[in-house]
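Next come the chains, spelled out residue by residue.
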Amino acid sequence: MNDTVCFRNIGQLVQVDTANKPPRLKILYKHALIVKNGRVEKVLKDSGLKSSNYSRVIDLKGKTVIPGLVDCHTHLIYAGERKDEMERRLDATSYMDILKSGDGILSTVKATREADGKSLLKTAKARMKRMMALGTTAFEIKSGYGLDIETEKKILSVGNRLKKELPVPVTLTYLGAHAIPEGSTKSQYFDFVMKNLPLFRNLADGVDIFCEEGVFSVKDLKRLFLQAKLVGFTQLRAHVEELSHQGGCAEAAKLGAVSCDHLEYANPKDIRAMKHGDTVAVLMPGVTFFLGGEKIPLVHSMLDAGITLALATDCNPGSSPTYNMQTVLNLACHLYRITPEQALVAATYGSAKALESHEKYGSLQPGQRADFLTLKTNDYRDLFYYFGENFVEQTFIQGQAVRIPKAPAIE
Ligand code: NIG
Ligand code: FE
């Protein structure tokens, strides 16, 4: 028998109207969401519903419903944490100087190499459940804390287990070109990454690279992307123009990157290249906040150019230790001066587009996965107004309520 559930008595129902260019929010009052076999079937006026038409009727008691949030850039499979490094940064040592001294990303590499697959799976799964409870209903996860074949494979195998064991869509990205491991020169390590790219083809959907002074160059990005295409990776992404301007964004967009991420130092030429390449701009205000960065990306120029914006946590122990997309939404509004509507469209439709999945989820449109959140408020803008609150009352994945873990956010 078909399972058709009617979620009725929704005070404010927020969808993304993707027919509008650029997509905008569509807000309906006193409506019902009809979910058939885990997908949105239709939206109806609440008055005049016939409960006998449905297998179940759930009364949402006037609450707000918004699409589930999509976290399109995370590094959530890792061991250890970096509070000492945070203290060094607060005492004026820079993020890059910490990396150059052999810590930073490399300290997480050390801890992740030492951890076994079982413990990585346990901690990553706990993180994802916590993120789901806070409103995330689709994920991207990168490797990049192994920098050797064995550990990179271990991380991506954990990612594939998470894909199977949790009911949410997961996109996996191979980020071998994340940092240069101790004992190698840049060119030795980069040649190693290039040579071994085919080993990761069946473990990940795409590739990524950290293009930054003292890490990988624009030339490396170009070589990696061309080789990745030959090997058969479909999704090319890049950490670009994060701490300085290198030119990686324009090159990545030219080579067909699905997303360019960070972009604090992206300039008008980069914006034109992203527009031309239909590349999504993934912004992560949690990094701006946590690293104390003063450089704000040219978000309004991006919007004026008609580029799709996405928002993500960048969840990782060094530059953005957060599990909470609600915090990211709030920071995006106030650090980037964008409206709640622009931020919410970015964290749903935009992030889904960065994962080439905007047809499948992100907008709560008929035919899409019924991944949505009920909020403890009658106005979605409270997410952007009050800060430091958790407004998610319940996360629904394919129309099913997710159990909220009670454990604290640390392992
Ligand atoms: O997206 N920029 C490079 N990579 C991550 C940080 C990783 C880390 O510090 O562990 C980022 O910010
Ligand atoms: Fe990142």
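Residues numbered from 1 in each chain as written. Chains lettered and ligands numbered in written order. Predicted model: local features only at pLDDT ≥ 70, side-chain atom pairs only at ≥ 80, totals over all residues. Heavy atoms only, no water.

> Quick one: what's the story with the site of ligand 1, residue by residue and with numbers?
In the vicinity of ligand 1 lie 15 residues, with Arg 82, Tyr 95, Tyr 145, Asp 314 and Ser 319 positioned nearest. A distance of 2.7 Å separates an oxygen atom of ligand 1 from a polar side-chain atom of Ser 319. A total of 330 Å² of accessible area belongs to ligand 1 in isolation, and the protein chains cover 100% of it. (Near = heavy atom within 4 Å. Polar contact = N/O pair within 3.5 Å; in protein donor to acceptor, adjacent residues only side chain to side chain. Areas by Shrake-Rupley, 256 points an atom, 1.4 Å probe, with all protein chains shown as cover.)

> Before we move on, can you summarise the pairing of strand β12 (residues 280-283) with the specific residues and values?
Residues Val 280 and Val 282 of β12 are buried on one face, and the alternating residues Ala 281 and Leu 283, pointing to the opposite face, are buried as well. As paired strands, strand β11 (residues 259-262) and β12 are joined by three bridges and run parallel to one another. Bridging from a neighbouring strand, Cys 260 pairs with Ala 281 of β12. In this fold, β11 hands off to helix α9 (residues 268-277), which returns the chain to β12; that crossover is right-handed. As judged from the three bridges shared by β12 and strand β13 (residues 309-311), these two strands associate in the parallel manner. (Buried < 20%, exposed > 50% of the residue type's maximum accessible area, 1.4 Å probe, protein only. Helix = DSSP H or I, 4+ residues; strand = E, 2+ residues; numbered from the N terminus. Pairing = 2+ DSSP bridges. Right-handed = clockwise from strand over helix to strand, strands pointing away.)

> Any chance you could break down helix α7 (residues 218-231) for me, citing the residues and the numbers?
Taking 1.5 Å per residue, 14 residues should reach 20 Å; α7 reaches 20 Å between its end C-alpha atoms and fits that length. Restricting attention to buried positions, one finds in α7 the residues Asp 220, Leu 221, Leu 224, Phe 225 and Ala 228. Relative to the axis of α7, the buried residues are bounded by an arc of 130° and lie together on one face. In α7, those exposed residues whose orientation departs by more than 90 degrees from the buried face are Lys 219 and Leu 230. Where α7 is buried, its residues touch α6 (186-196), β9 (206-209), β10 (235-240) and α8 (248-254). (Expected span 1.5 Å × (residues − 1). Arc of directions from axis to C-beta. Contact = heavy atoms within 4.5 Å.)

> Can you explain the sheet that holds β11? Please cite residues and give values.
Across a sheet, paired strands are connected by hydrogen bonds in the backbone, their directions being either parallel or antiparallel. Reading across the sheet, the eight strands line up as β6-β7-β8-β9-β10-β11-β12-β13 and stay open at both edges, with parallel pairing between neighbours. Every other strand in the sheet has two partners, leaving β6 (69-71) and β13 as the edge strands with one partner each. This sheet shows a mean twist of 25° between the axes of neighbouring strands, independent of strand direction. Taken together, the three bridges between strand β8 (residues 170-177) and β9 define a ladder with parallel strand orientation. Within β9, the residue paired with Thr 173 across the bridge is Gly 206. Along the sheet, α7 makes contact with β9 and β10, crossing β9 at roughly 175°. Across the sheet, helix α13 (residues 340-354) lies against β6, β10, β11, β12 and β13, angled at about 95° from β13, the strand it touches most. (Axes fitted to C-alpha atoms, helices over the stretch in contact; angles between N-to-C directions.)

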